[in-house]
Amino acid sequence: MKSSHFLVVESDASRAESVVSALAFLGYRPVIAGRNPMGEVEGWRGVYVGTVDDENELEGHLSALGRGGRNLPMLVAADSPLATSLIADDTRSNNVELIDMPLRYERLSEALRALQSRVEPVPSSRRFVGQSGPMQRVNALIRQVAPFDSSVLVLGESGSGKELVARTIHDCSPRRDKPFVAINCGAIPAELLESELFGHEKGAFTGAISTRKGRFEMAEGGTLFLDEIGDMSLPMQVKLLRVLQERVFERVGGNRPQRCDVRIIAATHRDLEGAIERGSFREDLFYRLSVFPLEMPPLRQRLEDLPALVSEFNHRLVQRGLSSVRFAPSAVGALCRYGWPGNVRELSNLVERMAILMPHGEVRAADLPEKYRGALPVEEVSGAALIAMMEAEPEVTESFAFVGEGDPSVLPQGGLDLKDHLAGIEIGLIRQALGSANGVVAHAAKLLRVQRTTLVEKLRKYGLSETVQAG
Ligand SMILES: Nc1ncnc2c1ncn2[C@@H]1O[C@H](COP(=O)(O)OP(=O)(O)O)[C@@H](O)[C@H]1O
Ligand SMILES: [Mg+2]
């Protein structure tokens, strides 16, 4: 992947800096608009749009990138003055991802992945992993409901795989050759959701510079995935209910009823029945949507799926041109004792993070970020494996240069787990020092300019004590 440049359009200097660090951490090469001559740079992957005065300024920067600049995927700060008009711009519709400030690492990497998968559609080999009892039941339900047009309501905690279930149902249905269109009802400002769903006519509101199709039209003949349906406002729920009942809708600012043939799959992590009691969710809509309810079990209830999930995520990393990572039995053991509040997504993020910190390395329990290590003692790893690990050059692929490693003072604003990040760097440096010192602690301590006792303490903390000679 040579094309890794990312244009940063942001006039707030401190924000620009944090965006630059975060993108660099994720392997991109951020370039601040206006500071560098951009004509010579080739291979742009996307544009971040933050505080910008007006659209002309943005267009100016984009045209400086030459042909294709205008079609680049866009990461737009949710509070950017241009956010509304960029989302409403039909020529960009599917190429924009909103992102909240301050940046959070997890959300940023997810948004970038989402943009990427729109540019390069996810291969059909997308795999739905899980052999545990609960997942076998989910799989059976998917096969049962897929062939019919019934609405499905997927319930479950965040990151438990609801969207993947929706895609799998679509892929197994007779609609598989038609579009699967997803919309996150919670992420789109309420006043824009209606036009996102139903489209709008030219001039329907400020910023509606041309007629635009909504997601219902885009999904015609296929499946519409309404994610985070529990976050939909009551007025929108009324409008949605009408479409589900009559299969007819109108564009915003239009009065011509349009028929639609769309299968609806909705999902939420919220307790909808509780929401009905509180009056924030309509009961009639609930019954429309939940013709076939499907509950995703949280990861902590199906930990036997964990190793297969890890290998699936490694496979995805390699497909993206990144390195994979191995987990030693001690690490897998620790992960199986963890509660996984963020479910499969959290696991996927952890695998990616460890692959960045220890490309091609083997992760032992002691290498895991602290919260995953658990209280139980970690088992020892064979000396040979450790020496191999210490000698392994930390291979940094060109496309995913881990900038933070060279300069630990570069930290994205609120975007990283600082403690874990620094611990990873520290472990890496200690390993290198031990490698150069043939495992003699006193020599390694000299290389690191710390007291021998300090290093011994750190070795104990990171579970590396067994790997070294006394001295
Ligand atoms: N059973 C599974 N097999 C493979 N990947 C999964 C599985 N469940 C979830 N994932 C992955 O975990 C991440 C989060 O899943 P997602 O469907 O977005 O969760 P949710 O919609 O419940 O928040 C995605 O990258 C998805 O591909
Ligand atoms: Mg989701």
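Residues numbered from 1 in each chain as written. Chains lettered and ligands numbered in written order. Predicted model: local features only at pLDDT ≥ 70, side-chain atom pairs only at ≥ 80, totals over all residues. Heavy atoms only, no water.

Attention now goes to the pairing of strand E2 (residues 29-32). In terms of strand pairing, strand E1 (residues 5-9) meets E2 through four bridges, oriented parallel. Paired with Phe-6 across the two strands is Pro-30, which belongs to E2. Between E1 and its parallel partner E2, the chain crosses via helix H1 (residues 13-25), and the hand of that crossover is right-handed. (Pairing = 2+ DSSP bridges. Helix = DSSP H or I, 4+ residues; strand = E, 2+ residues; numbered from the N terminus. Right-handed = clockwise from strand over helix to strand, strands pointing away.)

What follows concerns the packing of aromatic side chains. According to the stated counting rule, one finds nine aromatic pairs in the structure shown. Note on Phe-180 and Phe-225: the rings are 6.1 Å apart at their centroids and 25° apart in plane angle, and the pair reads as stacked. On the criterion of sequence distance, the pair formed by Phe-180 in strand E7 (residues 180-184) and Phe-225 in strand E8 (residues 223-227) is long-range, its members being 45 residues apart. Pair check on accessibility: Phe-180 and Phe-225 agree, each one buried. Ring geometry for Tyr-338 against Tyr-372: centres 4.5 Å apart, planes inclined by 55°, an arrangement best described as tilted. Here Tyr-372 lies in helix H15 (residues 370-373) and Tyr-338 lies in the loop between helix H13 (329-336) and helix H14 (343-357), a separation of 34 residues in the sequence. On the basis of relative accessible area, Tyr-372 is assigned to the buried category, the value being 3%. (Phe/Tyr/Trp six-rings, centres within 6.5 Å; stacked < 30°, edge-to-face > 60°. Buried < 20%, exposed > 50% of the residue type's maximum accessible area, 1.4 Å probe, protein only.)

Moving on: the site of ligand 1. In the region of ligand 1, 17 residues are neighbours, and Val-129, Gly-159, Lys-162, Arg-316 and Arg-345 sit closest. Within the contact set of ligand 1, an oxygen atom lies 2.8 Å away from a side-chain nitrogen or oxygen of Lys-162. Burial of ligand 1 by the protein chains amounts to 90% of its free accessible area of 550 Å². The set of elements that each furnish at least two residues to the shell around ligand 1 consists of helix H6 (162-171), helix H12 (306-319) and H14. A per-class count over the shell around ligand 1 returns seven nonpolar, four polar and six charged. (Near = heavy atom within 4 Å. Polar contact = N/O pair within 3.5 Å; in protein donor to acceptor, adjacent residues only side chain to side chain. Areas by Shrake-Rupley, 256 points an atom, 1.4 Å probe, with all protein chains shown as cover. Nonpolar A, V, L, I, M, F, W, Y, C, P; charged D, E, K, R; others polar.)

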